[in-house]
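# A structural walkthrough
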Amino acid sequence: MKKQSHNLFKTISAEQVENLTSVVKETLAEGFNYSKPKVFTAADLWNIQRQGKSRIQRRFSF
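This section reports on the structure supplied with the text. A quick note: this is a predicted structure, and the numbers were derived from the prediction, not measured. (Residues numbered from 1 in each chain as written. Predicted model: local features only at pLDDT ≥ 70, side-chain atom pairs only at ≥ 80, totals over all residues. Heavy atoms only, no water.)

### Here's the deal with the overall build of the protein
What the protein contains, in helices and strands, is two helices and zero strands. Considering the protein as a whole, with its 62 residues, one finds that 0% of them fall into the buried category. Here the protein has roughly 7100 Å² of accessible surface; of this, 58% comes from carbon and sulfur atoms. (Helix = DSSP H or I, 4+ residues; strand = E, 2+ residues; numbered from the N terminus. Buried < 20%, exposed > 50% of the residue type's maximum accessible area, 1.4 Å probe, protein only. Areas by Shrake-Rupley, 256 points an atom, 1.4 Å probe, with all protein chains shown as cover.)

### Overview of the pattern of salt bridges
What the rule picks out here adds up to one salt bridge. Between lysine 38 and aspartate 44 there is a salt bridge; the shortest N-O distance is 3.0 Å. The class of lysine 38 is exposed, set by a relative accessible area of 68%. (Salt bridge = Lys/Arg side-chain N within 4 Å of Asp/Glu carboxyl O.)

### Here we look at a nonpolar patch on the surface
There is a patch of nonpolar side chains on the surface, built from Leu28, Phe32 and Tyr34 and spanning about 410 Å² of accessible area. Tracing the backbone shows phenylalanine 32 in the loop between helix H1 (14-21) and helix H2 (42-59). The partly exposed category is assigned to phenylalanine 32, whose relative accessible area is 47%. (Patch = residues over 30% accessible without salt bridge, like charges linked within 9 Å, V, L, I, M, F, W, Y side chains within 5 Å.)

### Details of the environment of phenylalanine 40
Structurally, the position occupied by phenylalanine 40 is in the loop between H1 and H2. Those residues in contact with phenylalanine 40 that sit more than four places away from it in its chain are Leu45 and Ile48. (Contact = heavy atoms within 4.5 Å.)

This is the structure:
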């Protein structure tokens with residue numbers, strides 16, 4: 001069974017295609033405060049490892 005259709009865009013005019021494919025400038029909403037993403041540091045990695053060790057100890061301390 002053939003699933004492709006060759007007449008999908010025959011009803012769309014050239015002007016409508018131009019309108020649909022035009023590039024729109026993006027803007028941020030008013031009052032939006034962009035903050036820098038937090039940088040992952042060695043202290044963050046140390047914290048993750050420290051928390052993981054305590055979880056493993058709790059799991060096997062029956």
